[in-house]
Amino acid sequence: MKAKANKAHEPFVRLVKRKEMKVWQSILLRAGAFLLSLLICGIVSSLITRKGMGYFFTTLVDGVFGTKRRIWNLFHETALLLIVAVAVTPAFKMRFWNIGAEGQVLIGGLCCATCMFYLGGKMNIYALIPIMLVSSMVGGAIWAVIPAIFKAKWNTNETLFTLMMNYIAACLTGFMITTWAPRGSGVVYFEKGNLPKVGNEFLLKIIVVAALTVIMWAYLKFSKHGYELTVVGESERTAKYIGINVKKVIIRTLILCGIICGIAGFLLVSGTNQSIHKTDTVAGRGFTAILVSWLAHFNPLYMTVTSLLVIFIDQGTGQIATLQGLGNSYSDIMTGIFFFIIIASEFFINYKVVFKFSVLKKAKKFAETVPPAPEIETEVKEKEEVEE
Amino acid sequence: MNNVQDGVFDSVLPILTLIITEENVERSVAISLKNITKTFGDVIANNKVNLDIYRGEILSVLGENGCGKTTLMNMIAGIYFPDDGQIYVNGKEVVIRSPKDAFSHKIGMVHQHFKLVDVFTAADNILLGEKMPTFSIKEEAKKAEINLESVMITAEGDSKKKYTKAFAKYYGKLVALPFIKLGKAIKFNHLARKRADSLQKIADKYGFEIDLKKKIYDMSVSEKQTVEIIKVLYKGADILILDEPTAVLTPQEIKKLFNVLRKMREDGKSIIIITHKLNEVMEISDRVAVLRKGEHIATVRTEETDEKQLTEMMVGKKVELNIDRKVPVDPKPRLIINNMTILNKDGRKAVDDVSFVVNGGEILGIAGISGNGQKELLEGIAGLQRVESGEVIFHNPKKNKPVTFYHKDLKKIKKMAEEGFFHYPDGTKVDLKGKKKKEIVKLVNDEQILFYEDEIINLRHKTPREIQELGIKLSFVPEDRLNMGLVGNMSIVDNMMLRSYRKGKSIFVNRKRPKNLADHIINELEVVTPSDQTPVRRLSGGNVQKVLVGREISSSPKVLMAAYPVRGLDINSSYLIYNLLNQQKEKNVAVVYVGEDLDVLLDLCDRLLVLSGGQVSGILDARNATKEEVGFLMTKHNVQGV
């Protein structure tokens, strides 16, 4: 009876949580997932362009590594994505679902742009840059701390709150742009107050981001603040048990997030774009960064790798799109496929799939090694037969 | 029957006996359990349990915590599947794999934690998940038409004009519309809500007082319970299992519930109540089944037994344990609790006017069925729960010990000196008036200023952080280790720092000392772990507990509170924990031990405080107390209180 019942109980496919994967296994699995995603991208791409897989791969590599400038651009774009990823990480590690990085970066950029518009050319560039930087940091911090205060004081839903703040930021920027350039096309270009070149136009930003990444890594891993926010994220009750002021930690961490978002906005507006636009300035980095951070398990050092891979796919497929006249959506589709497969692979790191037949096989084997069931069962069955 | 007056008794007796004997013959068995066994890993929850439940009776299932009451009932209700044994319903063997199966055999269970959708009304909750019968739109339309025509015939005067044939036709279609079924998935069962009327009938039949249109979030606990019971009845259950139904109710509500249950019994339903409140067992049930450590001890008729006998069956004979218990040396009050009251989330008194004293150098055991205020009491002392009223007085044993700048600043020391708290080593009073800052600092650093008496501090309204900063070494091993006390995803080393990471002015944490401590604990307490970097969540229950207790003891506490520190641990780990507690006791620590195993409580502790319904029902000398005494106090309920 027991076996019968168990058989009926067993579903066709079952997901079983893995105990722990060895490091080399997980690396192999992720590398495999990356290659698989490239393969699928290639197949889809050859269906769209009708040019075969070879074309996809050669153009992809050429688009990223073809010229010296392209290589620099790869690292530059990586840095810009990485800094936003670094900014969202402390909040996510604290399980504060801040999806408002887009708005926080934009407000940082807007503050910077305001300084450039009103003060650019009127004062020394080296006096102006610190003012721009500080105002960006303050702007980003304010944008991030508002939802944090509401969360800490009244336990509002931070996800919705931060998301809505994005739209307010975009509208505010749009308003400022129309004020500054009423007849423009929605973009304001700045000629004065831009960041000076160090080496070439990319290097300075890459250095800043690299430094911030290492600092954030150390902050999360070695500092008391980093320790506190991890405890708050893992278990609020334990945090209270050891006397951590949870509200204070939430607000402090979000201020930090906002400051780094502000720096990102500063770099984008005064360095990369030298202009500001409602949506194109941040260009979705605030959301992509969340994926980057998550895939790296909130470790800033791993984020360099994940952001590099994302930009690799984006730039490479962007090249194909330009050559074939396919438009932006093409490279969005490819990035989408890439993320889909990589995230799916994360699932298989934690779980394994067990099919019904393999379970039953094991049960059968097990039954052969175990002595038959106790006698009581047979007795009862006999009774039943008599009754019948 | 004893209550029946003599005269009445005489005349009724022959009839009564007749009824009883007839009943005995006629009473059919509703469920019969044969050799039911269930194990969880190595733990045997139920061992070959045989139990019969008759129609039209109320059976109490009685037992201590963890004796397998709920597990057994869950197997009848389809939550668990037995490893071995058979269940017979109405004499036929059945396989119950899911609650759905259970309902098909007319078995329904009301769980201790209600499973209701907050934003739905009571009626919606009850109807939830029910299959809509399919309707043919034509038939439904016709029915409605006929209905309306019958109305038309009886209608008179002006209203008669309103009803025309065409109107009836459209009306019929309109009424039928919500019953249409589109394919398999889409159904319009909006009007199913009308069935709330039939629910009201059930409620009225058994005397429930409830408004079925009320939303769940507006309901009191007892109303929610009523909804759960009606839900089970509506689904047609003849056998009802109630898991500790009175635990959440006030005495008045309990009375109402019992009246309802009696009506159900008259209706021929079988009712099983899981409980550990003896007075209620005696009041409501026809028979009592006693479980102990997973085994069925006996089933007795309520009228043939008394509370004492039941307690004996429930707790069993005392088992001698080899715990080395020394006589407390120089016990002095360390922690004094005065009239402490704590409210729980629902606003009921979880801890009700509790007063007791914990001495240094002794173990005070707290006995009681779990959920009788133990958790709140300890959390209240540790500053994690709001203490409504009362005081928590802590005696810091500082007499003749030097004051330091570690917990007191200069200003405070000056003020305390004025109030006469300190003396010099030669016994003269300290007078800091007119002394310069430098001189005072030097005196303190040279350990020349000593406390005259023990420091007395009220811990009420202090947060855990404030308590820590006052220099009060209060260690607390909470009940729920991985949700409070430890962080599952962090390594052992990182968990060691939880208490101490704030030390020092550096902005970085120092992992060197925690690492040494972790390695020390792993060695001393024989924690089985791959390394000190392993996340605590991956360790087994016993090892998690060793890590937690090890850390809490490492700070050389003055008060050590441990809630169920051996829950889920094997014998060896348990004894290790007992020894650790005993060592702390010998170091003159005041130890508070909340436990559930009475044998251990009686052999480990010096004094025993028994909690029942949030109140102290007795404080005993553990060396002379018997298990029955404690068991009786545990189940003694103050009727006015709760």
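Calculation criteria
Residues numbered from 1 in each chain as written. Chains lettered and ligands numbered in written order. Predicted model: local features only at pLDDT ≥ 70, side-chain atom pairs only at ≥ 80, totals over all residues. Heavy atoms only, no water. Helix = DSSP H or I, 4+ residues; strand = E, 2+ residues; numbered from the N terminus. Buried < 20%, exposed > 50% of the residue type's maximum accessible area, 1.4 Å probe, protein only. Contact = heavy atoms within 4.5 Å. Areas by Shrake-Rupley, 256 points an atom, 1.4 Å probe, with all protein chains shown as cover. Rg over C-alpha atoms; globule rule 2.2 N^0.38 Å. Lys, Arg positive; Asp, Glu negative; His and termini not counted. Charge placed at Lys NZ, Arg CZ, Asp CG, Glu CD. Buried area = accessible area lost by both parts, 1.4 Å probe. Salt bridge = Lys/Arg side-chain N within 4 Å of Asp/Glu carboxyl O. Polar contact = N/O pair within 3.5 Å; in protein donor to acceptor, adjacent residues only side chain to side chain. Nonpolar A, V, L, I, M, F, W, Y, C, P; charged D, E, K, R; others polar. Pairing = 2+ DSSP bridges. Axes fitted to C-alpha atoms, helices over the stretch in contact; angles between N-to-C directions. Parallel < 35°, antiparallel > 145°, perpendicular 65-115°, else oblique. Left-handed = near helix turned anticlockwise from the far one by under 90°. pLDDT = per-residue confidence, 0-100. Expected span 1.5 Å × (residues − 1). Arc of directions from axis to C-beta. Phe/Tyr/Trp six-rings, centres within 6.5 Å; stacked < 30°, edge-to-face > 60°. Core = buried A, V, L, I, M, F, W, Y, C linked by side-chain atoms within 4.5 Å.

Trainee: Would you mind showing me how to read the overall build of chain B here?
Mentor: Counting its secondary structure elements, chain B contains 22 helices and 24 strands. Looking at the 642 residues of chain B, the share that counts as buried comes to 48%. Here the analysis covers contacts within chain B between residues at least 6 apart in sequence; of these, 69% occur between residues at least 24 apart. Counting every atom, chain B has about 32100 Å² of accessible surface; 52% of that belongs to carbon and sulfur.

Trainee: I'm lost on the overall build of chain A in this one. Help?
Mentor: Helix and strand counts for chain A stand at 16 helices and 4 strands. Radius of gyration (C-alpha) of chain A: 27 Å, far over the 21 Å computed for a compact globule of 388 residues. On the principal axes, the C-alpha backbone points of chain A span a range of 105 × 60 × 40 Å. In chain A, which comprises 388 residues, the share counted as buried stands at 46%. Element-wise, carbon and sulfur atoms account for 66% of the exposed surface of chain A, whose accessible area totals about 20100 Å². Treating the 40 positive side-chain charges of chain A as one cloud and the 24 negative ones as another, the clouds have centres 11 Å apart.

Trainee: Whenever I open this one, the interface of chain B and chain A confuses me. Can you help?
Mentor: How big an interface is tends to be expressed through the accessible area that disappears when the partners come together. Each partner contributes residues to the interface: chain B has 46 residues there, and chain A has 32 residues. At the boundary of chain B with chain A, total buried surface from both sides reaches about 3200 Å², with 55% on carbon and sulfur atoms. At the boundary of chain B with chain A, the tally comes to 2 salt bridges. Among the ionic pairs, Asp 480 of chain B bridges to Arg 237 of chain A, the shortest N-O distance being 4.0 Å. Applying the counting criterion to the chain B and chain A interface returns 18 residue pairs in polar contact (both at pLDDT 80 or more). Among the secondary structure elements, those contributing two or more residues to the side of chain B that touches chain A are β4 (84-89), α13 (374-381), α16 (464-469), α17 (492-496) and α19 (541-554) of chain B. When residues in the side of chain B that touches chain A are grouped by element, the largest group, 4 residues, is from β4 of chain B. Class assignment of the residues belonging to the side of chain B that touches chain A gives a composition of 18 nonpolar, 10 polar and 18 charged.

Trainee: Where do I start with the sheet that holds strand β16 (residues 389-396) of chain B in this structure?
Mentor: The strands that make up a sheet are held in pairs by hydrogen bonds between backbone atoms, and each pair lies either parallel or antiparallel. Residues and elements named next belong to chain B. The strand order across the open sheet built from 4 strands is β14-β13-β16-β19, with neighbouring strands paired in antiparallel fashion. In this open sheet, the two strands that pair with only one neighbour each are β14 (349-359) and β19 (455-458). Going from strand to strand, the sheet's axes swing by 15° on average, the running direction of each strand aside. One ladder, built from 4 bridges, connects β16 with β19; its direction is antiparallel. Note that in β19 the partner of His 395 across the bridge is Ile 456. Contacts from α13 reach β13 (333-343), β14 and β16 within the one sheet, and its direction differs from that of β13 by about 120°.

Trainee: Help me understand the packing of helix α4 (residues 68-93) of chain A against helix α13 (residues 300-324) of chain A in this model?
Mentor: The packing of two helices is summarised by the inter-axis angle and the distance between the axes. Residues and elements named next belong to chain A. Contact geometry of α4 with α13 gives a least axis separation of 8 Å together with a crossing angle of 135°. Accordingly, the angle class assigned to the pair α4 and α13 is oblique. Classified by chirality, the crossing of α13 by α4 is right-handed. Counted together, Arg 70, Asn 73, Leu 74, Phe 75, Glu 77, Thr 78, Leu 81, Leu 82, Ala 85, Val 86 and Thr 89 of α4 and Pro 300, Met 303, Thr 304, Ser 307, Leu 308, Val 310, Ile 311, Phe 312, Gln 315 and Gln 319 of α13 form the full contact between these two elements. A per-class count over the contact of α4 with α13 returns 12 nonpolar, 7 polar and 2 charged.

Trainee: Explanation requested: the confidence of the model for chain A in the structure shown.
Mentor: Low pLDDT marks regions whose predicted coordinates should not be analysed in detail. All names here are of chain A. Taken residue by residue, chain A gives an average pLDDT of 86. The fraction at 70 or more is 91%. α4 holds the highest mean pLDDT among the elements of chain A, 95, whereas helix α16 (residues 376-387) holds the lowest, 43. Residue range residues 1-8 is modelled with pLDDT below 50. Its contacts to residues more than four positions away, or to other chains, number 12 contacts.

Trainee: Just to check I follow, could you spell out helix α8 (residues 203-222) of chain A for this structure?
Mentor: Residues and elements named next belong to chain A. Its 20 residues place the ends of α8 28 Å apart at the C-alpha level, agreeing with the 28 Å of an ideal helix rising 1.5 Å per residue. Among the residues making up α8, those that are buried are Lys 205, Ile 206, Val 209, Leu 212, Thr 213, Met 216, Tyr 219 and Leu 220. Mapping the buried residues of α8 onto a view down its axis gives an arc of 155°, with all of them on the same face. Residues of α8 that are buried in the fold lie against α4, α9 (224-234), α11 (246-273) and α13.

Trainee: For this particular structure, what's the right way to read the pairing of strand β11 (residues 287-292) of chain B?
Mentor: Each regular strand carries side chains that alternate between the two faces of the sheet. All names here are of chain B. With 5 of 6 residues buried, β11 lies mostly within the body of the structure. Pairing geometry for strand β3 (residues 58-62) and β11, over 4 bridges, is parallel. Note that in β11 the partner of Ser 60 across the bridge is Val 288. In the sheet, β11 pairs with strand β12 (residues 295-301) via 6 bridges, with the strands oriented antiparallel. Counterpart to Arg 292 in the pairing with β12 is Glu 295. If you look at the hairpin formed by β11 and β12, you'll find 2 residues sitting between the two strands, and Lys 293 has a positive phi there, around 45°.

Trainee: What's the story with the packing of aromatic side chains in this structure? I'm lost.
Mentor: Both the distance between ring centres and the angle between the ring planes are used here to describe each pair of aromatic rings. All names here are of chain A. Enumeration according to the criterion identifies 22 aromatic pairs over all chains in this entry. Summarising the aromatic geometry, the rings of Phe 92 and Trp 294 are spaced 5.8 Å apart at their centres and angled 70° between planes, so their arrangement reads as edge-to-face. With Phe 92 in helix α4 and Trp 294 in helix α12 (residues 285-295), this residue pair connects regions lying 202 residues apart in the sequence. A residue is classified by how much of its surface remains accessible, and Phe 92, at 4% relative accessible area, is buried. Judged by centre distance (5.2 Å) and plane angle (55°), the ring pair of Phe 150 and Trp 154 falls under tilted. You can see Phe 150 and its partner Trp 154 sitting in helix α6 (residues 125-154), 4 residues apart, about one turn around the helix.

Trainee: So what exactly am I meant to see when it comes to the sheet that holds strand β2 (residues 43-54) of chain B here?
Mentor: All names here are of chain B. In space, the 4 strands of this open sheet follow the order β2-β1-β4-β5, with antiparallel pairing throughout. What marks the edges here is a single partner per strand, and that holds for β2 and β5 (92-94). Adjacent strand axes in the sheet meet at a mean angle of 25° when their direction is disregarded. Pairing geometry for β4 and β5, over 3 bridges, is antiparallel. Bridging across to β5, Val 89 finds its partner in Lys 92.

Trainee: Explanation requested: the pattern of salt bridges in the structure shown.
Mentor: Pairs can form between side chains of opposite charge whenever their charged atoms are close. Under the counting rule described, the total for this entry stands at 35 salt bridges over all chains. Among the ionic pairs, Lys 326 of chain B bridges to Asp 324 of chain B, the shortest N-O distance being 3.6 Å. Relative accessible area serves as the criterion here: at 40%, Lys 326 of chain B is assigned to the partly exposed category. Several salt bridges converge on common partners, so that one network encompasses Arg 237 of chain A together with Glu 379 and Asp 480 of chain B.

Trainee: What is the right way to look at the environment of Thr 317 of chain A in this model?
Mentor: Relative to the helices and strands, Thr 317 of chain A is located in helix α13. Setting aside anything within four residues of it in sequence, one finds Thr 317 of chain A in contact with Phe 56, Leu 60, Tyr 330, Ser 331 and Met 334 of chain A.

Trainee: Just checking my understanding: could you explain unusual backbone geometry for this structure?
Mentor: What is expected of a backbone is that most residues other than glycine have negative phi and most peptide bonds are trans. All names here are of chain B. Its identity as a non-glycine residue notwithstanding, Asn 90 has a phi of 50°, on the positive side. Looking at where Asn 90 falls in the secondary structure, it is placed in the loop between β4 and β5. According to the relative accessible area criterion, Asn 90 is partly exposed, its value standing at 48%.

Trainee: Sorry if this is basic, but what is going on with the environment of Glu 418 of chain B here?
Mentor: Turning to its location among the elements, Glu 418 of chain B is positioned in helix α14 (residues 410-418). Note: C-alpha distance between Glu 418 of chain B and Gln 200 of chain B (218 residues apart in sequence) is 73 Å.

Trainee: How do you make sense of the confidence of the model for chain B when you look at a structure like this?
Mentor: Residue and element names in this part refer to chain B. Across chain B, pLDDT averages 81, with 84% of residues at or above 70. Mean pLDDT across the elements of chain B bottoms out in helix α1 (residues 6-26) (44) and peaks in strand β22 (residues 590-594) (94). Below a pLDDT of 50 lies the segment residues 1-25, which in the model reaches 4 contacts outside its immediate sequence neighbourhood of four places, other chains included. A low-confidence stretch, residues 183-191 stays under pLDDT 50, and its non-local contacts, those more than four residues away or across chains, total 16 contacts. The complex model carries a pTM of 0.74, and its ipTM stands at 0.78.

Trainee: What exactly am I supposed to notice about the nonpolar core here?
Mentor: If you look at soluble globular proteins, the nonpolar side chains tend to sit buried side by side. Of all hydrophobic cores here, the largest spans 184 residues; its most connected members are Tyr 593 and Val 630 of chain B. Residues contacting Val 630 of chain B, with those up to four places away along its chain left out, are Ala 367, Leu 598, Leu 602, Leu 608, Val 610, Leu 620 and Ala 625 of chain B.

Trainee: Just checking my understanding: could you explain the side chain of Arg 481 of chain B for this structure?
Mentor: Residue and element names in this part refer to chain B. By secondary structure assignment, the location of Arg 481 is in the loop between β20 (474-477) and α17. Despite its burial, Arg 481 pairs with no opposite charge, the nearest such side chain being Asp 480 at 7.4 Å. Within polar-contact distance, the side chain of Arg 481 engages the side chain of Gln 545 at 3.3 Å. Residue contacts for Arg 481: discarding those within four places in its chain leaves Leu 486, Gly 541, Val 544, Gln 545, Leu 548, Tyr 564, Pro 565, Val 566, Arg 567 and Leu 569.

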